[in-house]
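Here's the letter readout for the chains.
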Amino acid sequence: MDDRVKLKVMGITYSQIQNGAYALVLAEENGDRRIPIIIGTAEAQSIAIRLEHLTPPHDLFASFAQGFGIRLREVFVYHYEDGVFSSELLFDDGTRQIRIDSRTSDAIAIALRTQSPIYTTEKIISEAGIIFQEEPKEKKKEETKTVKRKHLNDYSTKELKERLEEAVRMEAYEKAALIQQELKKREQKQG
């Protein structure tokens, strides 16, 4: 598994696309690609508590793991299809290792609470990742006028690429992910 990419949690933003949802933003540890993952409010709260370095009054999972001598070795985001990520947790009790499937948001929350590493594959980060490069603050302040349209398929490929760059610049990762998916669909139809 030498194509694995180590990830870190960048943060959580409120979803501009899906009401009542949040985007968990993962970043490759030694690179500029980001993966936005849409998560619910409860998962966002659990992750936000840890990102703010707060300790919940009682962590049932941590107590359970400690009581049975189980340690989370890693979280592995191993599959991505149609905007849905699948993950597994690798546990170790000192004599054996067990892999358990999990929702990615739950796996990330547990990884943060136990300070365990998070990985994905090069293939997944290539498909779902968005390249993010810092731009000068003056350029971020510029507003871009765009004509509002209802559906991504109303845009030309050139316009979609421009909107993708704008979404990344504005750190609207979930919007950028949707645009990127539309571009990939078009590439597959042409190829």
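Everything in this summary refers to the structure shown in the same document. Bear in mind the structure is a predicted one, so any value in this text is a computation, not a measurement. (Residues numbered from 1 in each chain as written. Predicted model: local features only at pLDDT ≥ 70, side-chain atom pairs only at ≥ 80, totals over all residues. Heavy atoms only, no water.)

### Notes on the overall build of the protein chain
Move 1: Helices and strands together make up the secondary structure of the protein chain, namely seven helices and eight strands.
Move 2: Within the protein chain, the fraction of its 191 residues that count as buried is 39%.
Move 3: In the protein chain, the share of contacts with a sequence separation of at least 24, taken over all contacts with a separation of at least 6, comes to 53%.
Move 4: Counting every atom, the protein chain has about 12200 Å² of accessible surface; 49% of that belongs to carbon and sulfur. (Helix = DSSP H or I, 4+ residues; strand = E, 2+ residues; numbered from the N terminus. Buried < 20%, exposed > 50% of the residue type's maximum accessible area, 1.4 Å probe, protein only. Contact = heavy atoms within 4.5 Å. Areas by Shrake-Rupley, 256 points an atom, 1.4 Å probe, with all protein chains shown as cover.)

### Some details on the packing of helix 6 (residues 157–169) against helix 7 (residues 173–190)
Move 1: Contact geometry of helix 6 with helix 7 gives a least axis separation of 9 Å together with a crossing angle of 155 degrees. Here helix 7 runs roughly antiparallel to helix 6, going by the angle between their axes. In the crossing of helix 6 with helix 7, the sense of the turn from one axis to the other is left-handed. Together, Thr 157, Leu 160, Lys 161, Arg 163, Leu 164, Ala 167 and Val 168 of helix 6 and Lys 175, Ala 176, Ile 179, Gln 180, Glu 182, Leu 183 and Arg 186 of helix 7 make up the contact between the two elements. (Axes fitted to C-alpha atoms, helices over the stretch in contact; angles between N-to-C directions. Parallel < 35°, antiparallel > 145°, perpendicular 65-115°, else oblique. Left-handed = near helix turned anticlockwise from the far one by under 90°.)

### Concerning the pattern of salt bridges
Between side chains of opposite charge, pairing is possible as soon as their charged atoms come close.
Move 1: Tallying each qualifying case throughout the model produces 10 salt bridges.
Move 2: Between Glu 74 and Arg 4 there is a salt bridge; the shortest N-O distance is 2.7 Å. One end of the pair, Glu 74, is in strand 4 (residues 71–81); the other, Arg 4, is in strand 1 (residues 4–14), with 70 residues separating them in the sequence.
Move 3: Residue classification places Glu 74 among the buried residues on the basis of a relative accessible area of 11%.
Move 4: When its relative accessible area of 22% is taken as the criterion, Arg 4 is described as partly exposed. (Salt bridge = Lys/Arg side-chain N within 4 Å of Asp/Glu carboxyl O.)

### Quick word on the nonpolar core
Taken as a class, soluble globular proteins show a tendency for nonpolar side chains to be buried jointly.
Move 1: In terms of nonpolar packing, the biggest core is built from 27 residues, with Leu 24, Leu 26, Val 75, Phe 85 and Ile 108 touching the most fellow members.
Move 2: For this core, the leading source of residues is helix 3 (residues 104–114), giving six residues.
Move 3: Filtering out sequence-adjacent residues up to four positions away, Ile 108 remains in contact with Val 9, Leu 24, Leu 26, Ile 47, Val 75 and Ile 118.
Move 4: By size, the runner-up hydrophobic cluster in this structure holds 14 residues, among which are Val 25, Ala 167, Tyr 173 and Ile 179. (Core = buried A, V, L, I, M, F, W, Y, C linked by side-chain atoms within 4.5 Å.)

### Remarks on helix 7
Move 1: Along its 18 residues, helix 7 runs 26 Å from first to last C-alpha, staying within 8% of the 26 Å computed at 1.5 Å per residue.
Move 2: Of the residues making up helix 7, those classed as buried are Tyr 173, Glu 174, Ala 176, Ala 177, Ile 179, Gln 180, Glu 182, Leu 183 and Arg 186.
Move 3: Residues of helix 7 that are buried make contact with strand 1, strand 2 (22–28), strand 3 (33–39), helix 4 (122–128), strand 8 (130–131) and helix 6. (Expected span 1.5 Å × (residues − 1).)

### A look at the side chain of Thr 121
Move 1: Assignment of secondary structure puts Thr 121 in strand 7 (residues 118–121).
Move 2: In terms of polar contacts, Thr 121 uses its side chain to reach the backbone amide nitrogen of Ile 124, at 3.0 Å.
Move 3: When near neighbours in sequence (up to four residues on either side) are disregarded, Thr 121 contacts Asp 3, Arg 4, Val 5, Phe 76 and Val 77. (Polar contact = N/O pair within 3.5 Å; in protein donor to acceptor, adjacent residues only side chain to side chain.)

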